[in-house]
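Inside the fold
Here are the chains, one letter per residue:
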Amino acid sequence: MPEEKRQLPLWQESILLVATALVLALIVKTFFFQAFYIPSDSMVPTMVKNDKLLVQKWSYWSGGPERGDIVVFRDPGNWLGGDVDESANVVQRGLEVVGLFPSGGHLIKRVIGVGGDRVVCCDAEGRTTVNGEPIDEPYLADQDVNADQTFDVKVPKGYLWVQGDNRGNSADSRAHLGEPGGGFIADEDVVGKAWLRVWPLNRFGTIPGTDAFDEVP
């Protein structure tokens, strides 16, 4: 007569189920997508402060970010300063580690230039140019303030030049020109590409792409 399979006690089964769920959550966070929240108004009107979103990672499995992508990235050198939300409790911090609670301590901006690009602001109409091609950016909060800060940079290989859609209220690459790193962020600091807004519910939906950079040589 076959030996009856021994069943684990309920408490052990519960621990096993929780551990399995956490491992799966870590795998999803590492390779597929992760939750974040918008910490400022720098991406208005595309995103507003406290929006909750999922960032997907599969777009960059075989290549780096492209012009026009909205990316979440790790702070490349005290860009956040002291502006980090420390209000999360222990449970929220634990869930954040496994990707089940929106993370802070990161920044979100739009990629304007990739390695090898020359990015200049601005032409006679106040538009940013990339490799000599003027960019019409319909997602900007206010086109008129785009030319408030002029610059002319060459993006190093393996780096990105990023700016917020709300150009008048975004401490992006332009604000860090004179610092170590020159305002560029490394491709390897990018966590992923903004994909899905999950909160608030009345704005639920995928994050739209842009064809603004299609004519850049």
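These lines cover the structure that appears in this document, whether it is placed above or below. Here the structure is a predicted model, which means the values were calculated and not measured.

**Some details on the pattern of salt bridges**
Applying the stated criterion across every chain yields a total of eleven salt bridges. Across the pair Arg127 and Glu125 runs a salt bridge whose closest N-O atoms are separated by 3.8 Å. Exposure remark for Arg127: the relative accessible area of 16% places this residue in the buried category. In this structure, the salt-bridge partner of Arg127 is Asp136, at a minimum N-O distance of 3.2 Å. By sharing partners, the salt bridges in this structure join Asp123, Glu125, Arg127 and Asp136 into a single network.

**Some points on the sheet that holds strand 8 (residues 151-154)**
The strand order 7-6-5-8 describes an open sheet built from four strands, whose pairing is antiparallel. Every interior strand has two partners, whereas the edge strands, strand 7 (133-134) and strand 8, have only one. The pairing of strand 5 (residues 118-121) with strand 6 (residues 128-130) spans three bridges and is classified as antiparallel. Across the sheet, residue Val119 finds its bridge partner in strand 6, namely Val130.

**With respect to the layout of surface pockets**
Looking at the largest pocket, its volume works out to about 250 Å³. Contributing to the lining of the largest pocket are 15 residues, with Gly68, Asp69, Lys193, Gly209 and Thr210 lying nearest its centre. Broken down by element, the residue count for the lining of the largest pocket peaks at three residues, all from strand 11 (residues 190-199). Of the residues belonging to the lining of the largest pocket, the class tally is six nonpolar, four polar and five charged.

**Things to note about the environment of Arg203**
Within the secondary structure, Arg203 sits in the loop between strand 11 and strand 12 (205-206). Given the relative accessible area of 25%, Arg203 is considered partly exposed. Between the C-alpha atoms of Arg203 and Asp51, which are 152 residues apart in sequence, the distance is 8.9 Å. When sequence neighbours within four positions are dropped, the list of residues in contact with Arg203 reads Pro45, Thr46, Met47, Val48, Asp51 and Arg197.

**Side note on the side chain of Ser170**
For Ser170, the location among the structural elements is in the loop between strand 9 (159-163) and strand 10 (185-186). One polar contact links the side chain of Ser170 to the main-chain amide nitrogen of Gly164, over a distance of 3.3 Å. Only 2.9 Å separates the side chain of Ser170 from the side chain of Asp172, close enough to count as a polar contact. For Ser170, the residues in contact, after removing those within four places along its chain, are Ser42, Lys109, Gln163 and Gly164.

What counts, and at which threshold
Residues numbered from 1 in each chain as written. Predicted model: local features only at pLDDT ≥ 70, side-chain atom pairs only at ≥ 80, totals over all residues. Heavy atoms only, no water. Salt bridge = Lys/Arg side-chain N within 4 Å of Asp/Glu carboxyl O. Buried < 20%, exposed > 50% of the residue type's maximum accessible area, 1.4 Å probe, protein only. Pairing = 2+ DSSP bridges. Helix = DSSP H or I, 4+ residues; strand = E, 2+ residues; numbered from the N terminus. 1 Å grid on protein atoms, 1.4 Å probe; cavity = no way out; pocket = protein on both sides within 12 Å on 5 of 7 lines; lining within 4 Å. Points joined across faces, edges and corners; volume = space filled by probe spheres on them. Nonpolar A, V, L, I, M, F, W, Y, C, P; charged D, E, K, R; others polar. Contact = heavy atoms within 4.5 Å. Polar contact = N/O pair within 3.5 Å; in protein donor to acceptor, adjacent residues only side chain to side chain.

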